[in-house]
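# Commentary on secondary and tertiary structure
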Amino acid sequence: MVAFALSTCHTAVAYGQLVGLADDIIFISKGASNGRTKRQPAVMDQSLSDSIASLSYEPSGRDNPFAESTEPAHSSRSAAGRRPSLLAAMERSTARSRHSRPTPPRNRLGMRHPAAVQHAAPRLYGLLELPTGEWEGPPHGLTLDQAIARLLNANPELRAKRFQLPQARADVLSASQRANPLYFISANNVPYQSYSPGRFGAVQYAPTIVQPFDVNDKRGARTEAASHVVRVLEAQYQNAVRLAVHELYLAYTDAIVARETLRYAEVSLTGAKAMLEASRAPKRDVAANQADELHMTIQSETARLDVSQARSELLRAKHRLGALLAIPREQCGQIEVRGRIRPPEPPLPHREALVQMALASRPDVEAFRLGISRARADAHVAKKERIDDIFLVYSPFVFQNNVPIGKQSVTSFSVGVMGSVPIFDRNQGEIRRADANVSQSQTALAAIERQTAAEVESALVEYYATREAVEAMEKTILPASERASSIAYRELEAGRTGAFEYFSALRDRNDVVRQYRDALVRHRRSMLQVNTAVGRRLLP
């Protein structure tokens, strides 16, 4: 420790106590500064729910391959000083499952991606029949656009994560503050026995002010690093929104599917009742008539149970949708959605164009890009920390009491400068750690870019495969199935076949209708998965 002191006074007593106080002053000053800068903004919980992730679910449905240490710019030094990185996992989730909100990391606003939630189509055990046309729903029903708008404004988990942004901006303000001056009041040379002309000496009284000066602009570097944290958190929040919207896609589709399944079941019930009435018409073969009536009774009761089950599934789907949209529980049953399982599909760009679009649009990729800048800012802070503050010590009024020795008391002032010489500790370890973190962030960015491209490719494969299946069933399989069931019914009416043969054809028809319904559902979800994987709403 080196101290320089300039003193102007009327006595020969040197103000040497400044040197003795040097360590304490620096310690107190640093303690006050670190107490202000060590406050760390809360990282965004990556999942909208245990299945989603500010912030934990990947659109591809895969677990997050990156550990918390590979989150964007994950550093042991934060923008405000030596503290854990704000980006400790955009995504920790909701067990921090990984981004897309697919296995959620916890999107951190720093985020892990969420794990994909599997929404199975409602199970039915009876026969289905295709209704005429597809019903969009009531004119006043909830559209997908309206549902997304309400999700962004009303979803409680997104609203909670949104508070982390002003918290991070508050950290920028904290990092930009200058160090406060310190003061102390001292009494020096106080004797155990009173001074006298024979026992020469004098007591000194002095108030002292100590002002730290940041000669290396550490404050500016910390402020810049904190600003980078805000930008990363903003991108991570946008990714949390993307994952939440994907979760809404699934819940909204489930509601439409449940509504259409109920329509299928109601049409089947109507047909089963008509068949039951027809079977009760008198026939010459009484035994055959009784067998047909039993078969039709079983079919009618099964169809009735299917309708009841479909209604229950629709109510459950409405409650799941209402939970995401923060609709009161008692009002969830009144939700009416307006949309189709298979809306018109605009043509998609080429695969490579979609991959480039995803790399440019997805906020989780952007968060990793911003994380590299944040890591570099942390490295800059670590290099600035090599030189400690300089302390100006000023005593504007020093009073020396010479009355006990019979002389006139005197006043004076003192000025001193203190600082540390960076010989042994030049922050080498933290600088090396920060530099390594820059390389780590660059590697993580390359990994997330590869993962994003793979997610887009996977979504496109599913989309084109399901579209081909739906088109094949509409053009060939469904018409053939309908003709076969019609022929079987005419044969039954003509008395050339029995009820057993007709029911066998009816079961085949039911299997085809069920497969078509399931293919429509898979295709609709694949359309929405393309939107999530690309990061843009390209398909309705």
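My aim in this report is to walk through the structure given alongside it, one point at a time. Only a predicted model underlies this, so the values are computations on that prediction, with no experimental measurement involved. (Residues numbered from 1 in each chain as written. Predicted model: local features only at pLDDT ≥ 70, side-chain atom pairs only at ≥ 80, totals over all residues. Heavy atoms only, no water.)

## Observations regarding empty space enclosed by the protein
- Its boundaries defined by the atoms lining it, the largest cavity holds a volume of some 40 Å³.
- Forming the boundary of the largest cavity are A255, R259, L314, K318, I335, E336 and V337.
- Residue composition of the lining of the largest cavity, by class: 4 nonpolar, no polar and 3 charged. (1 Å grid on protein atoms, 1.4 Å probe; cavity = no way out; pocket = protein on both sides within 12 Å on 5 of 7 lines; lining within 4 Å. Points joined across faces, edges and corners; volume = space filled by probe spheres on them. Nonpolar A, V, L, I, M, F, W, Y, C, P; charged D, E, K, R; others polar.)

## Quick look at the pairing of strand β3 (residues 203-213)
- By the bridge criterion, 7 bridges tie strand β2 (residues 182-188) to β3 in an arrangement that is antiparallel. The partner of F184 across the bridge, within β3, is T208. (Pairing = 2+ DSSP bridges. Helix = DSSP H or I, 4+ residues; strand = E, 2+ residues; numbered from the N terminus.)

## What to know about the pattern of salt bridges
- Summed over the entire model, instances satisfying the criterion amount to 24 salt bridges.
- Of the charged contacts, one joins E234 and R169 as a salt bridge, the two residues approaching to 2.9 Å between their closest N and O atoms. You can see E234 sitting in helix α6 (residues 218-279) and its partner R169 sitting in helix α5 (residues 164-175), a full 65 residues away along the chain.
- Residue classification places R169 among the partly exposed residues on the basis of a relative accessible area of 42%.
- A salt bridge links R517 to D518, with the shortest nitrogen-to-oxygen separation between them at 2.8 Å.
- Within this structure, R242, R362, D364 and E455 form a network of salt bridges that share partners. (Salt bridge = Lys/Arg side-chain N within 4 Å of Asp/Glu carboxyl O. Buried < 20%, exposed > 50% of the residue type's maximum accessible area, 1.4 Å probe, protein only.)

## Regarding the nonpolar core
- Membership of the largest hydrophobic core comes to 55 residues, with the highest contact counts inside it found for L151, L248, L321 and L325.
- For this core, the elements supplying multiple residues, two or more each, are α3 (144-154), α5, α6, α7 (286-324), α10 (428-493) and α11 (499-534).
- At 22 residues, α6 tops the list of elements feeding residues into this core.
- Dropping the residues within four chain positions of it, L321 is found in contact with L142, L248, A251, Y252, A255, I335 and V337.
- V355, A358, Y463 and V534 belong to the second-largest nonpolar core, a separate cluster that totals 15 residues. (Core = buried A, V, L, I, M, F, W, Y, C linked by side-chain atoms within 4.5 Å. Contact = heavy atoms within 4.5 Å.)

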